[in-house]
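Residues per chain, in single letters:
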Amino acid sequence: MGLLCSRQRHNPADSEENEQTAEIDRRIEQETKAEKHIQKLLLLGAGDSGKSTIFKQIKLLFQSGFDEAELKGYIPVIHANVYQTIKILHDGSKELSLSLADPSKFMISDENKQIGEKLAEIGGRLDYPRLTKELAHEIETLWRDNAIQETYSRGNELQVPDCAHYFMENLQRLSDADYVPTKEDVLYARVRTTGVVEIQFSPVGENKKSGEVYRLFDVGGQKNERRKWIHLFEGVTAVIFCAAISEYDQTLFEDDNKNRMMETKELFEWVLKQPCFEKTSFMLFLNKFDLFEKKVLKVPLNVCAWFKDYQPVSTGKQEIEHAYEFVKKKFEELYFQSTSPDHVDRVFKIYRTTALDQKLVKKTFKLVDETLRRRNLFEAGLL
Amino acid sequence: MATCAVKGGCPSDYVALSISLLSIIMLLAKATAPYLIHKIPRPKGSSFWLAAIQVFASLNLLLSIVMALGFLRFRRRYWWRSCYIWAVWIEGPLGFGLLLSSRIVQAFQLYNIFVKRRLPPIRSFVLLPLVLLPWIVCATFIHMNKPLNSRCHMGTRWIIPVICLHALYVAALVGFTGAVRHIEFRFQELKELWRGNLVSICSVGIWVVSYILNEIHEDISLVQIISRFLVLLMTSVLVVAFFSISISQPLISLKSLGKKDQQEYSMMGRALGIPDSGLLAQRELVQLVDSNEPLEKLLLNRRFRHSFMQFADSCLAGESVHFYEEVQQLDKIPVSDHVRRVYMARHIIDTYITPGATMEVNVSHRCRQEILSTLDLAHPNLFKNALNELMQLMKMLKEEARIKTVDNELEQSGWNFSHRLSSVHCADDPFHQEHSPRKSSSSSRDFELQ
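Quick caveat: nothing in here was measured; it's all calculated off a predicted structure. (Residues numbered from 1 in each chain as written. Chains lettered and ligands numbered in written order. Predicted model: local features only at pLDDT ≥ 70, side-chain atom pairs only at ≥ 80, totals over all residues. Heavy atoms only, no water.)

## So, the overall build of chain B
Here is step 1: In terms of regular secondary structure, chain B is built from 18 helices and one strand.
Here is step 2: The burial tally for chain B puts 49% of its 450 residues in the buried class.
Here is step 3: Across chain B, contacts joining residues at least 24 apart in sequence account for 70% of those joining residues at least 6 apart.
Here is step 4: With the model as given, the accessible surface of chain B reaches about 23,000 Å², and the carbon-plus-sulfur share is 61%. (Helix = DSSP H or I, 4+ residues; strand = E, 2+ residues; numbered from the N terminus. Buried < 20%, exposed > 50% of the residue type's maximum accessible area, 1.4 Å probe, protein only. Contact = heavy atoms within 4.5 Å. Areas by Shrake-Rupley, 256 points an atom, 1.4 Å probe, with all protein chains shown as cover.)

The following block contains the structure:
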């Protein structure tokens, strides 16, 4: 700047050129400052752990949300979820009726057999038809069949998506001719993420000057997607690791022989040990708490090898809390096991989340933001 | 006084020795040339190891013949000149037996893939010791009964069953070659196979005769000299001819031999001669923003497909589109052309389906298992389910691309994507709204910058 000033004094004839140069320099400086302040956040986790749902929530909270075109863009996804779900349940009931001790429980009633075959055929097509009222009615009939309900109760052995119940109960609304998905519908819609998606947002605080800029990256969680993660590991401010705690009795989408909780455990360990993350803050989201609440009273935690030393103490709400604390403690232990002593000062926080609950996500993210800001000030020596 | 017929060291012996040395050098040169000279990366897996085992076995065979039949004149009796080591163990299970067994295993895998059209059910590493078992049993039996005399000859009673075992394995190899003879291999493997087999059988025939003569007529020195010479000569010819038959990695031999019709084999599709492997029929570029068309139709348009592929690659999701493209190429091969279909299917499986592959795609466990355990690699609908699953993912990608074009104002020349980025400054300020009315205790904490 000083040099420019002196140049301006000495060469009044080139004042316009100098002004332009000054403008460019100013812009460059602004951008470099801005770039330095962009904080990189990564959403990591195994497949189906809720990363993309959190991503959508952040979009809803801190950006202009979804416009009508975007909402309508989710209609094929929602319809696809419906067809896929009913096909999985139908095929699952057939499989279970062959292999179990009580096969009659899983035999679809005669009047619904034809509907079942038709829907299974539709579900196997490349291009799904639009969900008409007629089809919705047929799907609902099949859904109410006892065999299908029994199969659904054993959904953990098949790959039934979590949104199954929600969409099946709302079929009438989904099949309206002028249906526009609600925000909730979009949050429930399930599509495996492939590759990397990013958004940049700025949750401005009370004092506008301190507006941090965050760049959030969402990735796919399945095994083949993880080889792409390495491209994102440089210069990360914080990793938001999503772990679905309700999945302790389910197996992986990409590998029927691996328990999901064990996979999450190994993945978390691997992420913690990455050399790029020595100074990175870790926010562990223990996600899908709503499903965990319902499941833990029916299915004991010890079905998962990692939780085999769990002892239930009571029933009802107390039991749920106890189970949750047990899981949280396991993750804490894992964190300290996998962190070398010289890195223990990096930030590690655990949050209980339900990614579908907007208020809860907002509150949680606020806490995350506070933690990160505090960390920044600490690093800058102001705290 | 012992003549050279008994003790070894005749001029013909030295000639035979030098020929065998030459053949060893040629063998090693042929084995390593593609990797050292043409700098082709070493293939992983059983094909490399089977070839390495064959080289090893060939060397053993030559060495055992030299030592057992007494070509070299040694002054003292060393312990390592024991007949049992050379004539029985190294010639049998570690030489001839190993050589032929590894060939049989290779032919068996080939038979599986091209005749039965499925991925090999038994791994080579399990199969090879099994096929080698009779040799080990035989060698142990001979070792226990010790029928060899001081000149390493077995005598008529023992030589017949031993030769039978040799002949049996040769017959098995010929049998497998015969089983695949009606397949028109793409890369001229069969011609080479037959040629190699012919040479091998001739040399083995002469070898057998000479060996028997050597064993039986111990007293006639001329027979001894000539038969010894012939045995070593035929063995040398055999090992070199045998190795020249390339069965499993046609592309490597193609690259290294530098065929006259030098074609670009960078893409498997081109190598198999699928028309327009990198191009599609000329069609005008229809308005791409007309995204009401289903994705399947849009992807048939080459320019759209390449543009979409570039976009997908930029967000690290490109493998699905590449997979789609290669399956399209597979579908172009006529259903009757089994061999080409099998080659292409194997290539797709190795690149996209095998767990840990470089461009592994995101498909379910069930889908992957169905493909890997298929009974027919040339089946037209082999990859249909995988394509269905991936089409859903690609549709989502297309949605994001469409949203991006709306945000970014479509440019005339095409799409310009480097990120799926949408940076919007916050219009709605949830934190601010929460703070101002309530002035909660959390906000009165110290860390707000003044």
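## Examining the overall build of chain A
Here is step 1: Along the backbone of chain A there are 15 helices and six strands.
Here is step 2: Restricting the contact set of chain A to residue pairs at least 6 apart, pairs at least 24 apart contribute 73%.
Here is step 3: For chain A, the exposed surface amounts to about 18,200 Å²; the carbon and sulfur share of it is 52%.

## Regarding the side chain of T280 of chain A
Residue and element names in this part refer to chain A.
Here is step 1: In this structure, T280 sits in the loop between α12 (260–272) and β5 (281–287).
Here is step 2: Reaching out from T280, the side chain makes a polar contact with the backbone oxygen of V236 at a distance of 3.3 Å.
Here is step 3: Apart from residues no more than four positions distant in its own chain, T280 is found in contact with V236, T237, A238, V239, R346 and V347. (Polar contact = N/O pair within 3.5 Å; in protein donor to acceptor, adjacent residues only side chain to side chain.)

## Here's the deal with the packing of aromatic side chains
Residue and element names in this part refer to chain A.
Here is step 1: One pass over the structure, following the stated rule, counts 32 aromatic pairs over all chains.
Here is step 2: An angle of 0 degrees between the planes, with centres 3.8 Å apart, marks the rings of Y335 and F348 as stacked. You can see Y335 sitting in helix α14 (residues 316–338) and its partner F348 sitting in strand β6 (residues 348–352), a full 13 residues away along the chain.
Here is step 3: A relative accessible area of 1% means that Y335 is categorised as buried.
Here is step 4: Judged by relative accessible area, F348 falls into the buried class, the value being 17%.
Here is step 5: Through successive ring pairs, a cluster of aromatic residues spans F241, F268, W306, F307, Y310, F326, F331, Y335, F336 and F348.
Here is step 6: One residue, K40, lies across the ring of F217, its end atom 5.5 Å from the ring centre. (Phe/Tyr/Trp six-rings, centres within 6.5 Å; stacked < 30°, edge-to-face > 60°. Lys NZ or Arg CZ within 6 Å of the ring centre and 35° of its normal.)

## Thoughts on a nonpolar patch on the surface
Here is step 1: The grouping of I122, V126 and L130 of chain B at the surface amounts to a nonpolar patch, some 260 Å² of accessible area in total.
Here is step 2: With respect to the helices and strands, the residue I122 of chain B is situated in the loop between α5 (92–114) and α6 (124–145). (Patch = residues over 30% accessible without salt bridge, like charges linked within 9 Å, V, L, I, M, F, W, Y side chains within 5 Å. Salt bridge = Lys/Arg side-chain N within 4 Å of Asp/Glu carboxyl O.)

## Some details on the packing of helix α5 (residues 75–99) of chain A against helix α7 (residues 133–144) of chain A
Packed helix pairs are specified by the crossing angle of their axes together with the interaxial distance, meaning the distance between the axes.
All names here are of chain A.
Here is step 1: Interhelical geometry of α5 versus α7 gives an angle of 35 degrees and a closest axis separation of 11 Å. As for the relative orientation of α5 and α7, their crossing is left-handed in sense. Between α5, through V82, Y83, I86 and L89, and α7, the contact on the second element is made entirely by L135, I139, L142 and W143.
Here is step 2: The residue inventory of the contact of α5 with α7, partitioned by class, reads eight nonpolar, no polar and no charged. (Axes fitted to C-alpha atoms, helices over the stretch in contact; angles between N-to-C directions. Left-handed = near helix turned anticlockwise from the far one by under 90°. Nonpolar A, V, L, I, M, F, W, Y, C, P; charged D, E, K, R; others polar.)

## Brief notes about the confidence of the model for chain A
Here is step 1: Of the residues in chain A, 92% reach a pLDDT of 70 or more, and the chain-wide mean stands at 85.
Here is step 2: Considering only residues more than four positions removed or in separate chains, one finds that residues 1–10 of chain A, a stretch of pLDDT under 50, has six contacts. (pLDDT = per-residue confidence, 0-100.)

## So, the UniProt feature "binding site: Mg(2+)" (unreviewed entry) in chain A
Residues and elements named next belong to chain A.
Here is step 1: Following the UniProt record, one finds the feature "binding site: Mg(2+)" (unreviewed entry) at S52 and T193. Spanning 142 residues, the named residues nonetheless gather at one spot, since no C-alpha pair among them exceeds 7.3 Å.
Here is step 2: Inspection of the secondary structure assignment puts S52 in helix α3 (residues 51–62).
Here is step 3: Setting aside anything within four residues of it in sequence, one finds S52 in contact with T193 and D218. (UniProt positions renumbered as here; feature names shortened; annotations may be inferred.)

## A short note on the nonpolar core
Residues and elements named next belong to chain B.
Here is step 1: Core analysis: the largest hydrophobic core is formed by 44 residues, its most contacted members being L299, F308, F323, I348, I353, F383 and M394.
Here is step 2: Secondary structure elements with two or more residues in this core: α5, α12 (295–299), α13 (302–314), α14 (319–332), α15 (338–353), α16 (365–372) and α17 (384–408).
Here is step 3: Looking at which element gives the most residues to this core, the answer is α15, with nine residues.
Here is step 4: Beyond its immediate sequence surroundings of up to four residues, F308 is in contact with L299, V321, M394, L397 and K398. (Core = buried A, V, L, I, M, F, W, Y, C linked by side-chain atoms within 4.5 Å.)

## Description of the pattern of salt bridges
All names here are of chain A.
Here is step 1: Tallied over the full model, the rule gives 38 salt bridges over all chains.
Here is step 2: In this structure, D176 engages K133 in a salt bridge whose closest nitrogen and oxygen atoms are separated by 3.0 Å. Here D176 is found in the loop between α10 (171–174) and α11 (183–188), whereas its partner K133 is found in helix α7, with 43 residues between them in sequence.
Here is step 3: Accessibility expressed as a relative area gives 29% for D176, which makes it partly exposed.
Here is step 4: Here R226 makes a salt bridge to E254, at a shortest N to O gap of 3.9 Å. You can see R226 sitting in the loop between β3 (213–219) and β4 (238–244) and its partner E254 sitting in the loop between β4 and α12, a full 28 residues away along the chain.
Here is step 5: Relative accessible area serves as the criterion here: at 8%, E254 is assigned to the buried category.
Here is step 6: Each of D48, D162, R190, E247, R260 and K288 takes part in a single network of salt bridges with overlapping partners.

## A closer look at the confidence of the model for chain B
All names here are of chain B.
Here is step 1: Looking at chain B, the pLDDT average stands at 70 and 64% of residues meet or exceed 70.
Here is step 2: Across residues 409–450, where pLDDT falls below 50, the model places 79 contacts with residues more than four positions away in sequence or in other chains.
Here is step 3: Across the interface, the model reports ipTM at 0.84; the global pTM reads 0.68.

## Some words on the packing of α14 of chain B against α15 of chain B
Residue and element names in this part refer to chain B.
Here is step 1: Across the interface, α14 lies against α15 with an axial gap of 10 Å and an inter-helix angle of 170 degrees. Classified by the angle their axes make, α14 and α15 are roughly antiparallel. Between α14, through E319, H322, F323, E326, V327, Q329 and L330, and α15, the contact on the second element is made entirely by R341, M344, A345, H347, I348, Y352 and I353.
Here is step 2: Taken together, the residues that form the contact of α14 with α15 break down as eight nonpolar, three polar and three charged. (Parallel < 35°, antiparallel > 145°, perpendicular 65-115°, else oblique.)

## A word on the environment of Q149 of chain A
Residue and element names in this part refer to chain A.
Here is step 1: Within the secondary structure layout, Q149 lies in helix α8 (residues 146–153).
Here is step 2: Taking C-alpha positions, Q149 is 8.9 Å from F106, a pair spaced 43 residues apart along the chain.
Here is step 3: When sequence neighbours within four positions are dropped, the list of residues in contact with Q149 reads W143 and R144.

## Section: unusual backbone geometry
Here is step 1: Located in the positive-phi region is D48 of chain A, a residue other than glycine, with phi close to 65 degrees.
Here is step 2: Overall, D48 of chain A belongs to the buried group, its relative accessible area being 17%.

## As for α13 of chain B
Residues and elements named next belong to chain B.
Here is step 1: Taking 1.5 Å of rise per residue, the 13 residues of α13 would be expected to cover 18 Å, and the 18 Å separating its terminal C-alpha atoms lies within 8% of that figure.
Here is step 2: Considered for burial, the residues of α13 that qualify are F304, R305, S307, F308, M309, F311 and A312.
Here is step 3: Taking the backbone nitrogen of R303 as reference, a side-chain oxygen 3.0 Å away marks N301 as the first, capping residue of α13. (Expected span 1.5 Å × (residues − 1).)

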